[in-house]
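The primary structure of each chain is shown beneath.
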Amino acid sequence: MKISVVGTGYVGLVTGTCFAETGNYVTCIDINRGKVDSLRSGKIPIYEPGLEEVVLEARGVNLFFSTEIDKNIAEADIIFVSVNTPTKTFGQGAGRAADLQYWEKTARQILDNSDSPKIIVEKSTVPVRTAVAMERILNSNSKGLSFDVISNPEFLAEGTAIQDLEKPDRVLIGGRETPSGQKAIQSLVDVYAHWVPRERILTTNLWSSELSKLTANAFLAQRISSINAIANLCEKTEADINEVAHAIGTDSRIGPNFLRASVGFGGSCFRKDILNLVYLCDFYGLPEVARYWEQVIKMNEFQEANFVSKMVTAMFNTVAGKRIALFGAAFKAHTSDIRESPALAVCRELVGERAQVVLSDPHALENARQDLGATAEQVIFEPDPYTAAREAHAIAILTEWPQFAELDYQAIYDEMVHPAFIFDGRNILDHRALFETGFNVYAIGKPPLTSFAS
Ligand code: NAD
Ligand code: UGA
């Protein structure tokens, strides 16, 4: 198959590479020339474990990078569209609806540059019924061409993207129930069947497929907000959230995954996709359903803000002028992505409290610096966590990088200002051992371990 992937971000790059790895001839297209030039010269613009090796193996053999949408569209059998679909910041639905301008522009470019029928695959996460608009734009041509739009949402998670694609729980393909829609579905099933067992390739109607993607993200985020809600109650009642999560997770109907209490969920999609779901529910006259999902986001905002409040309260109600080391900038471990990272929300709040913030992360510092904008001038960026913590009053763990659990906390404690505080926003440390070292320890959903008389 000749495949074009329009939009070479996280999803486009990783899925395009996977299609090349499985024997297709793939061109990944992007409007960002810098990104394309860097990929052409073998530099991978994102940190994703295992990605560099596979890109470098296929690059120039059957994986190509280009800014030229016109030429590459004309030659492709299947076009995957994986452009960004961020939350709208203007006009109707601002702050909630998906901004589909990049998607629509791509549809028009495809139309302008096609002289044969094409299969267009929605890889980006889009609102349910987006395919109708795309079909109308594409099939409005005077060239007599017909286009099939099918939905194939992506479920990969950053940090595990390669394994998620190589061994997906399922691949979802939705299309029209017409003969040509079914034929388009079958073409895509054939692409995946090279490495995905047939029983894991689910086919549905277009709308079920589009809506399943938003629903999957909403359910995942809802579990995190649910466990975080209970973590707050644990902190008031001396229950331990890890014990509660384990106890409920062993119920096979609930299951153990996505029950890690934390400072909050981040990433480019959970917030945006739930906001979009909320917008859709309101749009379709279902305000009660909209408010139900909205609460998942409100709980997450509370979790981030409450983490900072707990820090300030514990540190004698002021952090002004105090050096605080933040371990982690990425929104989760094993990625350089900082989009919607709770670590940066905490960083901004602490800068607002006039703390002297030192940010440490193994892969995300440069992205963090850019994202923080003017605030970055008031932040120290320090890759070495030992240096970051030297002479600090407190450490906060904000990303679950495994290396943060392996540090020599006795050595760190010795060089900190005392009383020394540690706030574990990811529950990855040995809290009892830290307390015995001398730290005042505050974790999520657990009673604090402090040397202060209450
Ligand atoms: P991204 O911002 O990393 O990448 C999008 C790319 O599209 C950018 O490089 C941008 O320059 C390019 N682009 C925009 N308009 C273009 C055009 N007209 N022609 C060519 N290129 C164009 O975004 P992402 O994280 O890869 O997400 C893309 C979509 O996939 C979103 O809808 C997102 O919700 C969804 N998604 C993301 C993930 C994830 O883990 N990041 C997982 C599943 C689904
Ligand atoms: C998520 C979904 O897991 C993917 O299936 C989906 O394709 C993707 O969004 C998307 O549509 O973009 P991702 O955001 O990359 O993937 O990462 P997750 O592993 O889901 O983590 C999201 C956030 O939740 C992170 O900040 C993580 O630290 C946090 N989290 C996760 C918790 O706080 N607790 C948990 O138990 C799990």
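All values reported here derive from a predicted model rather than from experimental measurement. (Residues numbered from 1 in each chain as written. Chains lettered and ligands numbered in written order. Predicted model: local features only at pLDDT ≥ 70, side-chain atom pairs only at ≥ 80, totals over all residues. Heavy atoms only, no water.)

**Student:** Describe the pairing of strand 12 (residues 394-397), naming the residues involved and giving the relevant values.
**Tutor:** Burial along strand 12 is two-sided: Ala394 and Ala396 and Ile395 and Ile397, pointing in opposite directions, are all buried. As paired elements, strand 9 (residues 323-327) and strand 12 share four bridges and run parallel to each other. Among the inter-strand pairings, Phe327 is bridged to a residue of strand 12, identified as Ile397. The sheet contact formed by strand 12 and strand 13 (residues 421-424) spans four bridges and is parallel. Paired with Ala394 across the two strands is Phe421, which belongs to strand 13. A crossover links strand 12 with its parallel partner strand 13, the connecting element being helix 16 (residues 409-414), and its sense is right-handed. (Buried < 20%, exposed > 50% of the residue type's maximum accessible area, 1.4 Å probe, protein only. Helix = DSSP H or I, 4+ residues; strand = E, 2+ residues; numbered from the N terminus. Pairing = 2+ DSSP bridges. Right-handed = clockwise from strand over helix to strand, strands pointing away.)

**Student:** Please give an account of the packing of helix 9 (residues 206-237) against helix 12 (residues 287-314) that cites residues and values.
**Tutor:** Following both chains from N to C, one finds helix 9 and helix 12 inclined at 45°, their axes separated by 9 Å at the closest point. Taken together, the axes of helix 9 and helix 12 are oblique relative to one another. Judged by the sense of rotation from one axis to the other, the crossing of helix 9 with helix 12 is left-handed. Contacts between helix 9 and helix 12 involve Ala218, Phe219, Ala221, Gln222, Ser225, Asn228, Ala229, Asn232 and Glu235 on the former and, on the latter, Tyr292, Trp293, Val296, Met299, Asn300, Phe302, Gln303, Asn306 and Lys310. When grouped by side-chain class, the residues that make up the contact of helix 9 with helix 12 number nine nonpolar, seven polar and two charged. (Axes fitted to C-alpha atoms, helices over the stretch in contact; angles between N-to-C directions. Parallel < 35°, antiparallel > 145°, perpendicular 65-115°, else oblique. Left-handed = near helix turned anticlockwise from the far one by under 90°. Contact = heavy atoms within 4.5 Å. Nonpolar A, V, L, I, M, F, W, Y, C, P; charged D, E, K, R; others polar.)

**Student:** Quick one: what's the story with the site of ligand 1, residue by residue and with numbers?
**Tutor:** For ligand 1, the set of nearby residues contains 25 residues, the closest of which are Asp30, Lys35, Thr85, Glu158 and Lys272. Contact between ligand 1 and Tyr10: an oxygen atom at 3.0 Å from a main-chain N or O atom of the residue. Lys35 has a polar side-chain atom sitting 2.6 Å from an oxygen atom of ligand 1. Taken by itself ligand 1 offers 830 Å² of open surface, and the protein chains cover 91% of this. At the level of elements, helix 1 (10-21) and helix 5 (101-113) are the ones that each hand at least two residues to the shell around ligand 1. The element best represented in the shell around ligand 1 is helix 5, accounting for three residues. Class assignment for the residues of the shell around ligand 1 results in eight nonpolar, 10 polar and seven charged. (Near = heavy atom within 4 Å. Polar contact = N/O pair within 3.5 Å; in protein donor to acceptor, adjacent residues only side chain to side chain. Areas by Shrake-Rupley, 256 points an atom, 1.4 Å probe, with all protein chains shown as cover.)

**Student:** Can you explain unusual backbone geometry? Please cite residues and give values.
**Tutor:** The amide bond that connects His418 to the next residue, Pro419, takes the cis arrangement and shows omega of 0°. With respect to the secondary-structure elements, Pro419 resides in the loop between helix 16 and strand 13. A positive phi angle, close to 65°, is found at Glu238, a residue other than glycine. By relative accessible area, which is 69% here, Glu238 ends up exposed.

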